[in-house]
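Examination of the molecular architecture
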Amino acid sequence: MVHHSGSIQSFKQQKGMNISKSEIAKETSLKPSRRSLPCLAQSYAYSKSLSQSTSLFQSIESESQDPTSVTSISADKAEQDLGKDKDYTDESEHANYDRSRLIKDFVPKNNSEPKPRLPKNDMNYIASSGLLFKDGKKRIDYILVYRKSNIQYDKRNTFEKNLRAEGLMLEKEPAVANSDIMFIKIHIPWDTLCKYAERLNIRMPFRKKSYYTDRRSKSMGRVQKYFRRIKKWMSQNPMVLDKSAFPDLEESDCYTGPFSRARIHHFIINNKDTFFSNATRSRIVYHMLQHTKYENGISKVGICKLINNGSYIAAFPPHEGAYKSNQPIKTHGPQNNRHLLYERWARWGMWYKHQPLDLIRLYFGEKIGLYFAWLGWYTGMLIPAAIVGLCVFFYGILTMNASQVSQEICKATEVFMCPLCDKNCSLQRLNESCIYAKVTYLFDNGGTVFFAIFMAIWATVFLEFWKRRRSTLTYTWDLIEWEEEEETLRPQFEAKYYKMERVNPISGKPEPHQPSSDKVTRLLVSISGIFFMISLVITAVFAVVVYRLVVMEQFASFKWNFIKQHWQFATSAAAVCINFVIIMALNVAYEKIAYLLTNLEYPRTESEWENSFALKMFLFQFVNLNSSIFYIAFFLGRFVGHPGKYNKLFNRWRLEECHPSGCLIDLCLQMGVIMFLKQIWNNFMELGYPLIQNWWSRHKIKRGIQDASIPQWENDWNLQPMNIHGLMDEYLEMVLQFGFTTIFVAAFPLAPLLALLNNIIEIRLDAYKFVTQWRRPLPARATDIGIWYGILEGIGILAVITNAFVIAITSDYIPRFVYEYKYGPCATHFEYSESCLTGYVNNSLSFFDLSELGIGKSGYCRYRDYRGPPWSSKPYEFTLQYWHILAARLAFIIVFEHLVFGIKSFIAYLIPDVPKNLYDRIRREKYLVQEMMYEAELEHLQQQRRKSGHPVHHEWP
């Protein structure tokens, strides 16, 4: 902050900002956003002069580090300042602004029905919730937990002394239910908050926003009226939340700037206890805990290391109170943000409602808020995909009986299929596959290609519109400038490479540096570990394949008649269940190995660690989950040979063939069972397991004590901690589901519907878990979903390729297409009375002489292939039709991929990442923020001149 006029004027000239506010008002203004109305109302109703803010800070500077509200300051001046909150006037909004251009259709709120407010300033309630020190004044910002029996006393003592030296206040209190547990309550005073907020460049509100209307044409006014009608109708939508039940998030209606103690008179400080939100206070305390030493030595720093060595057993910010109340929320209002989140978000009865994203962000931080925003967006986008997939499925049901292929199979009573195994299998009539043929048609019909193209386009539209949604959220949550901040180094990285330093090109300060040779070596070791685990997955899939080959002979001769008749289905079902058990078992090992490999790399920052770990876990689980599906889709029944000359594994087990109706039914079974069972297992582990653990903890407490009130921090301690990997498990589950929904959707059009039903449950399940079953996580900041967006884009590209191969190779779409236009009755002439697929089944089956099998039977059996008959000049050789079909399959793959990739690229080009009006608003607000900072500084200097008796200038002095 520069206080002399010459420096300010020269600085303004360098920026090229010699423009008065009257000139600002004359510029073409922007269309008001949804936030313009409350902003304008607050600019009239809530105002306070800059001189009052200055006097407030002066009174604060003279006070001791008392954490109570500003109203407790004994000075009459401060009391007078804070008593005029509703009479605050913003001088920058007077004089030169053109009021005629302000929004004219604003209707003030009805004062007779005030909006419910959270009792966040009610210190009595905070005290009753156990959120204050024993003096009833200092609020608790963080909790440390340790065992008295732990011998690491010296480390704890040094660490706590250093925390006090940094400005934190600590208070110890033993647990009620366990005499060995000790809690340390941490409070961060105002001065320390200001110092670290400035050091961390935390952006805080300094001026209410004012929006201006554009002078549009009359036609635009009509369009606006039309949209107002739609908006009024949407407000009656039962899915929309009742906004009157939620608090005004005033910080989203203000311009913000990096906090500075020298410029504190610029910021809107009505109450120093609520100026910094609970999330901001927790982040600052956590930053101090992470960078405080507990022993001599550069590597002896941070609460994480103290937890790892057992000095402390937990560190967490406390919840704001109980999530349930004996009094109904409709009549008495919410008691705290946690209670409000439970009633309006986490309850199962709210499954059809939109999510209160602003409140989620306020309580849990931007990182968790973005996760739920993305999950809600993904779930909403699944609705059209599920509807189209359901229509394709119902189209198959309606036309199933009219299918020419199904009719020919069901009527083929005199066609015998060759045995599908060597020992216990007999000849099978083709009409016995009637049911399988009809079920296959449900997933392999005329709508399959359309649905595959639709889902490829859907994936692109989903990702492109999510970028727009994300840009809107980052603007609303004031994360635009946060991207430019430099991320701090991980303590593990600093401890490992503190002897090797180089100058940071951004900050210009020396910092630890990892040599390139060391980094490459560690990456090679990590990549080797990844390939080893992937090879282990392939080995497990190969073992399942061998199992299928071994048991199919046993099921074919099983004593139960049902299994004997449907031995192929029994073999596939048993293999799917065994494969699922192997998948879940290997997932446990993958997580530990991925954790070790990521730590071995020594990532520089926390985000690099998270991205590296997430990529490994995705690769492991994606290969683990989809390897068996890829085998069934592209390898099952492709290399079996033909009767009399079957290929055998290890010259012992004959390779498995597809069912006479095709391999698609096996692929559908594999996908459906794995997707259904995995979702059930994940939901149980996410909610059922924590519920059981928390119930057992409460049971032990009730058994150990009688009629004792448990304070809030001890209740939080008895909850389960958030996963050590943060949101990785939640994102990983949804991204893998996204892969199931898109990669093989041509074979299973009901996948989007299953994903939609699961996600409706998942949102409320995660909400219930975060609000009621987990300790409050650290409210971290983020601007996007990290590496997961790149993974989603990669899945979208892979989905186009796999669906092209599934349609061309796994399904019978191409063979039917070639027969219809080359070999069928419509190839030479077309008649409406005759189906073009008449005779297709007979054409797709080859002949084999039973006398060559040596089973004592004569005649011919049929098998699925395009080979010459025994009486041809080249028996059992591929026919010309086989090569035509192969060429058509390759051509389809090329055309399909180029067409879909072209459409995807064109759509991505048409949809900008940031809406145009938002882009203009961001640029204009940056400009206005600079002007307001200059003019606020001018007003501050003028006040100083008045106090000193100097003449006041209306321009820069």
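Residues numbered from 1 in each chain as written. Predicted model: local features only at pLDDT ≥ 70, side-chain atom pairs only at ≥ 80, totals over all residues. Heavy atoms only, no water.

**Some thoughts on the state of the cysteines**
Our working definition: In plain terms, two cysteine sulfur atoms within 2.5 Å form what is called a disulfide here. Strands are runs of DSSP state E lasting at least 2 residues, helices are runs of H or I lasting at least 4, and numbering of each runs from the N terminus.
This model, assessed by the stated rule, comprises three disulfides. Covalently, Cys410 is tied to Cys434 through a disulfide, its sulfur atoms 1.9 Å apart. Handedness of the Cys410-Cys434 disulfide follows from its S-S torsion of about 80°: it is right-handed. Of this pair, Cys410 sits in helix H17 (residues 404-411) while Cys434 sits in helix H18 (residues 434-443), and the two are 24 residues apart along the sequence.

**Quick notes on the nonpolar core**
Rules: To form a nonpolar core, buried Ala, Val, Leu, Ile, Met, Phe, Trp, Tyr and Cys residues must be joined to one another through side-chain atoms within 4.5 Å. For each residue, the accessible area found with a 1.4 Å probe, counting protein chains only, is set against the maximum for its type, and the residue is called buried under 20%, exposed over 50%, and partly exposed in between. Any two residues having at least one pair of non-hydrogen atoms within 4.5 Å are treated as being in contact.
With 139 residues, the main nonpolar core has Trp374 and Trp788 as its most contacted residues. It is helix H16 (residues 366-398) that provides the largest number of residues to this core, a total of 15 residues. With residues near it in sequence (within four places) discarded, Trp788 still touches Ala614, Phe618, Met728, Tyr731, Leu732 and Val735. If you look at the next biggest cluster of nonpolar residues, it comprises 39 residues, including Val285, Tyr294, Tyr312 and Leu928.

**Let's talk about the UniProt feature "transmembrane region" (unreviewed entry) in the chain**
Counted only if it meets this: UniProt positions are given in the numbering used here, feature names are shortened, and annotations may be inferred rather than shown by experiment.
Sequence positions flagged by UniProt for "transmembrane region" (unreviewed entry) are, in local numbering, residues 371-398, 448-466, 523-547, 567-590, 618-641, 735-757, 785-809 and 882-911. For residues 448-466, helix accounts for 100% and strand for 0%, while the C-alpha atoms at its two ends are 27 Å apart.

**Here we look at the environment of Arg781**
The cut-off we apply is this: N or O atoms closer than or at 3.5 Å make up a polar contact, with two conditions inside protein: a donor-capable atom paired with an acceptor-capable one, and, for residues adjacent in sequence, both atoms drawn from side chains.
Here Arg781 shows up in the loop between helix H28 (751-773) and helix H29 (787-810). Note: C-alpha distance between Arg781 and Leu479 (302 residues apart in sequence) is 8.5 Å. A polar contact of 3.5 Å, which involves the side chain of Arg781, links it to the side chain of Glu366.

**Brief notes about the environment of Tyr475**
As for its position among the elements, Tyr475 is in helix H19 (residues 448-476). By relative accessible area, which is 8% here, Tyr475 ends up buried. Separated by 447 residues in sequence, Tyr475 and Ile922 place their C-alpha atoms 7.7 Å apart.

**Looking at helix H8 (residues 190-199)**
Among the residues of H8, Trp190, Thr192, Leu193, Cys194, Tyr196 and Ala197 are the ones counted as buried. Positive backbone phi, approximately 55°, marks Asn201, located one or two places after H8.

**So, the side chain of Asp766**
Residue position: Asp766 is located in helix H28. Its relative accessible area of 0% is what places Asp766 among the buried residues. Reaching out from Asp766, the side chain makes a polar contact with the side chain of Lys769 at a distance of 3.2 Å.

**Considering the pattern of salt bridges**
To be explicit about the condition: When a carboxyl oxygen of Asp or Glu is within 4 Å of a side-chain nitrogen of Lys or Arg, the pair counts as a salt bridge.
In total, this model carries 24 salt bridges according to the counting rule given. Notably, a salt bridge pairs Arg261 with Glu198, separated by 2.9 Å at the nearest N-O pair. With Arg261 in the loop between strand E5 (254-258) and helix H10 (272-275) and Glu198 in helix H8, this residue pair connects regions lying 63 residues apart in the sequence. Here Arg261 falls in the partly exposed class, since its relative accessible area comes to 36%. On the accessibility criterion, Glu198 (27% relative accessible area) is partly exposed. The shortest N-O distance in the salt bridge between Asp766 and Lys769 comes to 3.2 Å. One end of the pair, Asp766, and the other, Lys769, are both in helix H28, three residues apart, so they sit about a helical turn from each other. With relative accessibility at 1%, the residue Lys769 sits in the buried group. Counted as one network, the salt bridges with shared partners bring together Arg283, Arg361, Glu366 and Arg781.

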